[in-house]
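Structural overview
Listed below are the residues making up each chain.
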Amino acid sequence: DMLMQDLTAQVDQATTDREEKSATKAKKLQARADATGNLQDTTTTMEADVKYVSDLTATCEQKASDFESRQQLRSEELEAINKAIEII
């Protein structure tokens, strides 16, 4: 009778342990799935940001180049105007 109670208690404990481990495993799997989804979202966002920075850098370089060209043109125009004034 004592042996039967001991075996029953062991079976009950083993069942409880198994259920707890199963629940823990399910939680860990869900956490992993969430983390994987977050990683994909973050990676996609990062790739979009990198492309944006690249495009922005190219735009800024183009605008800087255009500005330098306009500055040079303005300088030449001022020189021509000053020569015209000297002639007049």
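Everything numeric in this text was worked out from a predicted model, so none of it was measured.

Notes on the overall build of the protein chain
- The helix and strand inventory of the protein chain stands at one helix and zero strands.
- In summary, the protein chain has a C-alpha radius of gyration of 37 Å against a globular reference of 12 Å for 88 residues, an excess of more than 25%.
- Its C-alpha atoms give the protein chain principal-axis dimensions of about 130 × 15 × 10 Å.
- A total accessible area of about 8,200 Å² is found for the protein chain, and carbon and sulfur atoms account for 58% of it.
- Counting 11 positive and 18 negative side-chain charges, the protein chain places the averaged centre of each group 2 Å from the other.

Concerning the pattern of salt bridges
- In this structure the tally under the stated criterion is two salt bridges.
- The shortest N-O distance in the salt bridge between Lys51 and Asp55 comes to 2.8 Å. Residue Lys51 and its partner Asp55 are both found in helix α1 (residues 2-87); the two are separated by four residues, about one turn of the helix.
- Since its relative accessible area comes to 52%, Lys51 is described here as exposed.
- The exposure class assigned to Asp55 is partly exposed, which follows from its relative accessible area of 38%.

Digging into the environment of Arg74
- Looking at the element boundaries, Arg74 is found in helix α1.
- Along the backbone, Arg74 and Thr43 are 31 residues apart, and their C-alpha atoms lie at a distance of 46 Å.

Looking at a nonpolar patch on the surface
- On the surface, Tyr52, Val53 and Leu56 cluster together to form a nonpolar patch covering roughly 310 Å² of accessible area.
- Along the chain, the position of Val53 falls in helix α1.

About the criteria used
Residues numbered from 1 in each chain as written. Predicted model: local features only at pLDDT ≥ 70, side-chain atom pairs only at ≥ 80, totals over all residues. Heavy atoms only, no water. Helix = DSSP H or I, 4+ residues; strand = E, 2+ residues; numbered from the N terminus. Rg over C-alpha atoms; globule rule 2.2 N^0.38 Å. Areas by Shrake-Rupley, 256 points an atom, 1.4 Å probe, with all protein chains shown as cover. Lys, Arg positive; Asp, Glu negative; His and termini not counted. Charge placed at Lys NZ, Arg CZ, Asp CG, Glu CD. Salt bridge = Lys/Arg side-chain N within 4 Å of Asp/Glu carboxyl O. Buried < 20%, exposed > 50% of the residue type's maximum accessible area, 1.4 Å probe, protein only. Patch = residues over 30% accessible without salt bridge, like charges linked within 9 Å, V, L, I, M, F, W, Y side chains within 5 Å.

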